[in-house]
Amino acid sequence: MDNQKGFTLIELIIVIVVLGILAVTAAPRYFDFSRDARISTLNNMKGAINSAATIEYARTAMKGDAKYPRSFDGQGQSKRDSIVDAVRADGKKWFIERVVDESVTFSVRKSSSSKFDNCFVKYHMDATRKTPPTLTMETSGC
């Protein structure tokens, strides 16, 4: 009588299949990359806003009246005068809200009519538009 010790090939295959099923069902619970993607998107938007504001300031400085972009278009103003237009923010991808005359927030869209709460970049400038704008980023709700 043979007294063999070890696992058969069928037993090993069954164990591998069971481990594969567990990995496929359990991994998404432990690795949530969507939050990281939203935070990365906000970081990219913050960089784009900073760059667009600096470019607009330089463009207006060459004309003799250096100013940072407004939050939204003013009546009769050029399209580049607004930070929303300067960064070419698309309302389909971003939830854009005017907070006050000098502030605007760019939130990541959750759906066509809603946004993620506390997941935004806020552009705020003073009324003179002479000092650099402040950019604040909130990621607690991403």
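Residues numbered from 1 in each chain as written. Predicted model: local features only at pLDDT ≥ 70, side-chain atom pairs only at ≥ 80, totals over all residues. Heavy atoms only, no water.

S.K.: Sorry, what's going on with the overall build of the protein here?
M.R.: Along the backbone of the protein there are three helices and four strands. Helices and strands appear in the protein in the N-to-C order α-α-α-β-β-β-β. For the protein, the C-alpha radius of gyration of 26 Å lies well beyond 14 Å, the compact-globule estimate for 142 residues. Across its three principal axes, the protein shows a C-alpha extent of roughly 100 × 30 × 20 Å. Scored against the burial criterion, the 142 residues of the protein give a buried share of 26%. Once local pairs closer than 6 in sequence are excluded, the contacts in the protein between residues at least 24 apart make up 44%. Split by element, the accessible area of the protein, about 9800 Å² in all, is 57% carbon and sulfur. (Helix = DSSP H or I, 4+ residues; strand = E, 2+ residues; numbered from the N terminus. Rg over C-alpha atoms; globule rule 2.2 N^0.38 Å. Buried < 20%, exposed > 50% of the residue type's maximum accessible area, 1.4 Å probe, protein only. Contact = heavy atoms within 4.5 Å. Areas by Shrake-Rupley, 256 points an atom, 1.4 Å probe, with all protein chains shown as cover.)

S.K.: How should the side chain of threonine 60 be read in this particular structure?
M.R.: Within the secondary structure, threonine 60 is located in helix H2 (residues 33–62). On the basis of relative accessible area, threonine 60 is assigned to the buried category, the value being 11%. There is a polar contact of 2.9 Å between the side chain of threonine 60 and the backbone nitrogen of lysine 67. (Polar contact = N/O pair within 3.5 Å; in protein donor to acceptor, adjacent residues only side chain to side chain.)

S.K.: Where do I start with the pairing of strand E3 (residues 115–124) in this structure?
M.R.: One face of the sheet, then the other: side chains in a regular strand alternate in exactly this way. Taken together, the six bridges between strand E2 (residues 103–109) and E3 define a ladder with antiparallel strand orientation. The residue of E3 that forms the bridge with serine 103 is histidine 124. Connecting the antiparallel pair E2 and E3 is a turn made up of five residues. (Pairing = 2+ DSSP bridges.)

S.K.: I keep staring at helix H1 (residues 9–30) and nothing clicks. Help me out?
M.R.: Counting along an α-helix, one turn takes 3.6 residues, and residues three or four places apart therefore face a common direction. The first and last C-alpha atoms of H1 sit 31 Å apart over 22 residues, in line with the 32 Å expected at 1.5 Å per residue. Largest kink in H1: about 30°, centred on valine 24, with the proline proline 28 one to four residues after it. (Expected span 1.5 Å × (residues − 1). Bend = angle between axes of the 7 residues up to and from the residue.)

S.K.: Hey, could you run me through the packing of aromatic side chains in this one?
M.R.: Think of a pair of aromatic rings as described by two things: how far the centres are apart, and how the planes are tilted against each other in angle. Summed over the entire model, instances satisfying the criterion amount to one aromatic pair. Over the ring of phenylalanine 116 we find arginine 38; its NZ or CZ atom is 4.1 Å from the centre of that ring. (Phe/Tyr/Trp six-rings, centres within 6.5 Å; stacked < 30°, edge-to-face > 60°. Lys NZ or Arg CZ within 6 Å of the ring centre and 35° of its normal.)

S.K.: Even after reading the chapter, I still don't get the environment of alanine 89, so can you show me in this structure?
M.R.: You can see alanine 89 is positioned in the loop between helix H3 (83–86) and strand E1 (94–100). Residues within four places of alanine 89 in sequence aside, it is in contact with Met45, Val84, Ile96 and Phe106.

S.K.: I would appreciate a short explanation of the pattern of salt bridges in the present structure.
M.R.: Pairs may arise between side chains of opposite charge once their charged atoms sit close together. In total, this model carries four salt bridges according to the counting rule given. A salt bridge links lysine 115 to glutamate 97, with the shortest nitrogen-to-oxygen separation between them at 2.5 Å. Of this pair, lysine 115 sits in strand E3 while glutamate 97 sits in strand E1; the two residues are 18 residues apart in sequence, bridging distant segments of the chain. The exposure class assigned to lysine 115 is partly exposed, which follows from its relative accessible area of 24%. Connected through shared salt-bridge partners, Asp65, Lys67 and Lys130 make up one network. (Salt bridge = Lys/Arg side-chain N within 4 Å of Asp/Glu carboxyl O.)

What is shown is where atoms sit, not what they do.
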